[in-house]
Structure formats: C-alpha cells, structure tokens
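Report on the structure
Single-letter residue listing:
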Amino acid sequence: MSAALGNLDIAISSLVVSQRDTMLSTVRKIAEGPLAKLADEIDRVGTYPSNILKELGEAGAFNAHMALDGELDYGAAIQAIAEVSQVCGATGFMMWCHDVCGMYMEYSNNPALQGATLERHGNAQTLGGTALSNPMKTFAGIESMLLRATKVDGAYVVNGTLPWVSNLGSDHYFGAIAMLESDNADQPHEIMFMVDCAAAGVELRECPSFSAMEGTGTWGVRLTNFRVDEQNMIADPVRPLIEHIRAGFILLQCGMGLGVAQGAIDSMVGVEGQLGHVNQYLEDRPQDLQNELDELSRRTMLLAKTPFKKDKQFLIDVLDVRAHASEIALRAAQSALLHHGARGYLLTSPVQRRVRESHFVAIVTPALKHLRKEIARLSINGVPS
C-alpha cells in the first residue's frame, strides 16, 4: 500500500470515529435532557415518545448499524441504545425495535423498502417495529407460528393474530413472518413482509397494561386477508435472511441490558456519601458490578465488529453476552434497590423503574431461558470464549 493510500485510510478512519463520537455525544444529551424529564411519564402514564425517537434519528442513532453512509458500526448502535437505556429502558427497547426493522429493510433486496424509504427510516422520519417474537420462538421449537399465509395469484394472503407488537402507531409499520399453509410439515416455508399499520386488513388492538412497557407503543395486531406482494415482501423464503441477521439482531439487544445495568450502578454510587457506611455490607457493590459490566461491554464491542460471522462458536458467544447482559441488569437493578432502601421503593423512583426494566430485558425475546436453551443446544462441541 502506498503512503498516500495509507494516509487516506487513516483520515477516513478518524472521520468515522469523529462521526460516531459526535452521534453518541448528541444521544447522551437527548437522554440526559428531554428524555430524563419524560421517563416517568413514559413508564407510568404510557406516553409514547415519538419526538424523542425523531430527535435520536436526527442525531444519527438509527443509521450507525446500516450502510447508508458506507460504514457499518454495530458497536456504535449498541452504545447509542445503552446511553438511552441508562435513563429509560423502554425508550432503549423502542430504539432496538426501530433498528432491527431497518435491518429487515436493508437486507430485503426489495427496492421498494430501500433507497429513499430506508433513508427516511434511518432518520426516524418514519417509525417502525418488529413482530419476530413468535417466529423466533417457533424456530427454536418453543411456540407455533401464529400468522399463516396462503398463496394467491402473484401474492400471498396472511391471516392471524399477534398478541403484542411494539413500537407501533397508526402511521407506523413493522416486519412480520408467516408460515405458508402446506401439506408438507417436514419442509416448512415461511415468508417475511412489511406491514403498514394503516393498510387494509390490519387492526391494532389495545393490550393489557404491562410492567415497564406502557409507553412502548405495544399493541395486539390482527391481520385479516392482509395482502403481501412485491412491494412489501422482505424475504421469500425467510430462513436464509434470519440466518444472516440473527447475530446482529441479538447483539443490538445487549445495549438495553448494558444501559439499564449502568444506570443502576450510577444510582448506587450516587448514595454512597449518605449510605455507604451501611451499604458496604451488601453484596454486588457498585465497583464490583462496574468491573464486570466493563468486561462484558468489552466482549460485546469485540463481537459487534463482525456481526455477520456464521460459525457456531461466534453465535454461542453472542448468545452468551446477551444472556450476561440480562443477568447483570437483574443483579444491578436489585442491588440498587437495596442500596437506596425505602427511597428506592417509591413508584416515582428511577431505581424502582429499573427493577421492572431489568425484568423486561430478561424476558423479551430471546428471553434468558431461550438464550440458555440455544447455548446448550449449540455447546455440545463448543463453549463461550
């Protein structure tokens, strides 16, 4: 390589780092400013923070993991989710929903879902979600597919009900998967497609109140003779696409656990001056948790450099960091509650909210038990590094 080309590579690398740092700095300001003021309302009143999501889009938070600017940076996308999740885990979850919806669009090979449509999504000028909880459990042998597709002339017709899909609204959209009706159960055929919430055959239904999810735009969705054609097709068949994006899909979720855990640790440090004399007798002290979290973050960022690797050991390691993110969020949030004592038990306390958010991090698909099941299945000849 010539010296000139080498210098150009260094300049480009420095520019990418600068853009990432600028994006993360702006995301941090949004999280600590307008989002912090709204977090309690999101959690307990159920306010959907559309303006916050759009501000995050303007900051570039939803572009980092996509090739819209020529660079993929899953580490920056995870860090952006973590920055927001430190303040509001529900909003961090909605960021993940929007991010993975962008993945579906980017890797769909469908021009109708790319180009200007994908750019609007990446900038959060439009907002989208994901309905892959049931399909992911189906592929793991935990559930049966809830959406069914029938082939018609040049298209498919889909029927079924999903009990809850997040980051939705009347002007939103989401990626979904349906199983094609077939007599051959040994060779299942699934399709993946985009659903416009305002389209014919789509009905949003109110869900029961959920802990830590009231402001996440979560709805039940009923599809009745919903038509899937070339314009909204993501993948047919779907399994090659799922195989390609699976690790990135799971890695992005780590931002939620890392952020909730960091927020909990910060709150523990915040009461050391008043309560450290008695808190010193508790287990899971803030510095011990911080050391563990820093190492987990390091491992996650290393894996995020190659989000599309296919070998089995890499996937085991991805599943393991995702499971660890759940576990440390649970431990840190519970320890923070104990460190704060009675004040942490007030409904208005961020500490109390993080306890509920940590529970959600551990049960959102893939749930902790799902992750451990997959690790056990894959680890017959391998162990996490």
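All of the points below concern the structure found in this document.

Calculation rules
- Residues numbered from 1 in each chain as written.
- Predicted model: local features only at pLDDT ≥ 70, side-chain atom pairs only at ≥ 80, totals over all residues.
- Heavy atoms only, no water.
- Buried < 20%, exposed > 50% of the residue type's maximum accessible area, 1.4 Å probe, protein only.
- Helix = DSSP H or I, 4+ residues; strand = E, 2+ residues; numbered from the N terminus.
- Arc of directions from axis to C-beta.
- Contact = heavy atoms within 4.5 Å.
- Pairing = 2+ DSSP bridges.
- Core = buried A, V, L, I, M, F, W, Y, C linked by side-chain atoms within 4.5 Å.
- Salt bridge = Lys/Arg side-chain N within 4 Å of Asp/Glu carboxyl O.
- Expected span 1.5 Å × (residues − 1).
- Axes fitted to C-alpha atoms, helices over the stretch in contact; angles between N-to-C directions.
- Left-handed = near helix turned anticlockwise from the far one by under 90°.
- Nonpolar A, V, L, I, M, F, W, Y, C, P; charged D, E, K, R; others polar.
- Polar contact = N/O pair within 3.5 Å; in protein donor to acceptor, adjacent residues only side chain to side chain.
- Parallel < 35°, antiparallel > 145°, perpendicular 65-115°, else oblique.

Taken together, the buried positions of helix 12 (residues 368-378) are occupied by Leu368, His370, Leu371, Glu374, Ile375 and Leu378. Taken around the axis of helix 12, the buried residues stretch over an arc of 160 degrees, which confines them to a single face. Looking at the buried positions of helix 12, the neighbouring elements they touch are helix 6 (133-139), helix 10 (312-340) and helix 11 (350-363).

Our next topic: the pairing of strand 3 (residues 155-165). Two faces belong to every sheet, and in a regular strand the side chains alternate between them. Summarising the sheet, strand 2 (residues 147-152) and strand 3 pair through 6 bridges and their orientation is antiparallel. Pairing of Leu147 across the sheet is with Gly160, part of strand 3. Count of turn residues in the strand 2/strand 3 antiparallel hairpin: 2 residues, of which Gly154 carries a positive phi of about 70 degrees. Pairing of strand 3 with strand 7 (residues 219-228) involves 7 bridges; the strand directions are antiparallel. Bridge pairing links Val165 to Trp219 in strand 7.

This brings us to unusual backbone geometry. Cis geometry marks the peptide bond from Asp236 to Pro237, where omega comes out at 0 degrees. With respect to the helices and strands, Pro237 occurs in the loop between strand 8 (233-235) and helix 7 (239-270). In this structure, the amide linkage connecting Thr365 to the following residue, Pro366, adopts the cis form with an omega of -5 degrees. As for its placement among the helices and strands, Pro366 is situated in the loop between helix 11 and helix 12. If you check the backbone angles, Asn109 has positive phi at about 60 degrees while not being a glycine. Phi is positive for Asn167, which is not a glycine, with a value near 60 degrees. Note on placement: Asn167 falls in the loop between strand 3 and strand 4 (173-180).

Right, let's get into the environment of Val351. Among the structural elements, Val351 can be located in helix 11. Of the residues examined, Val351 reaches a relative accessible area of 4% and is grouped as buried. Spatially, the C-alpha atom of Val351 lies 18 Å from that of Val278, the residues being 73 residues apart in sequence. If sequence neighbours within four positions are ignored, Val351 has contacts with Ser267, Ala336, Leu337, His340 and Gly344.

Core analysis: the largest hydrophobic core is formed by 99 residues, its most contacted members being Leu56, Met95, Trp96 and Met192. It is helix 7 that provides the largest number of residues to this core, a total of 16 residues. Ignoring anything within four residues of it in the chain, the contact list for Met95 reads Leu53, Leu56, Ala61, Phe62, Ala80, Ile81 and Val84. Counting 22 residues, the second-largest nonpolar core is a separate cluster that includes Ala131, Ala178, Ile191 and Met233.

This next bit is on the pattern of salt bridges. Tallied over the full model, the rule gives 19 salt bridges. A salt bridge links Asp284 to Arg331; the nearest nitrogen and oxygen atoms lie 3.1 Å apart. Of this pair, Asp284 sits in the loop between helix 8 (272-279) and helix 9 (286-304) while Arg331 sits in helix 10, placing them 47 residues apart in sequence. Overall, Arg331 belongs to the partly exposed group, its relative accessible area being 29%. Ionic contacts of the salt-bridge type, sharing partners, join the residues Arg299, Asp320, Glu327 and Arg372 into one network.

So, on to helix 3 (residues 74-87). Residues lying three or four places apart along an α-helix face the same way, a consequence of the helix completing one turn every 3.6 residues. Helix length check: helix 3, at 14 residues, gives a terminal C-alpha distance of 21 Å against a target of 20 Å (1.5 Å per residue), a fit within 8%. Counting buried residues in helix 3 gives 12 out of 14 residues, a clear majority hidden from the surface.

On to the packing of helix 3 against helix 7. Relative orientation of the contacting elements helix 3 and helix 7 amounts to 35 degrees, with a least axis distance of 7 Å. Pair helix 3 / helix 7 crosses with right-handed handedness. Contacts between helix 3 and helix 7 involve Tyr74, Ala77, Ile78, Ile81, Ala82, Ser85 and Gln86 from the former and Gly248, Leu251, Leu252, Cys254, Gly255, Met256, Leu258, Gly259, Val260, Gln262, Gly263 and Asp266 from the latter. Its residues assigned to classes, the contact of helix 3 with helix 7 comprises 11 nonpolar, 7 polar and 1 charged.

Mapped onto the elements, Glu357 comes out in helix 11. Given the relative accessible area of 5%, Glu357 is considered buried. There is a polar contact of 2.9 Å between the side chain of Glu357 and the backbone nitrogen of Gly89. Contact partners of Glu357, with chain neighbours within four places excluded, come to Cys88, Gly89, Ala90, Ala212 and Val260.

What follows is about the packing of helix 2 (residues 50-58) against helix 4 (residues 89-106). Helix-helix packing: each pair is described by the crossing angle between the helix axes and the interaxial distance. The interhelical angle for the contact between helix 2 and helix 4, taken along N-to-C directions, is 55 degrees, at an axis separation of 11 Å. Classified by the interaxial angle, the pair formed by helix 2 and helix 4 is oblique. As for how helix 2 packs across helix 4, the hand of that crossing is right-handed. The residues of helix 4 that touch helix 2, namely those facing Ile52, Leu53 and Leu56, are Thr91, Met94 and Met95. Taken together, the residues that form the contact of helix 2 with helix 4 break down as 5 nonpolar, 1 polar and no charged.

Moving on, we come to the side chain of Thr130. Considering the arrangement of structural elements, one finds Thr130 in strand 1 (residues 128-130). When residues no more than four places from it in sequence are discounted, the contact partners of Thr130 are Trp96, Cys97, Val100, Tyr104, Val165, Ser166, Phe174 and Gly175.

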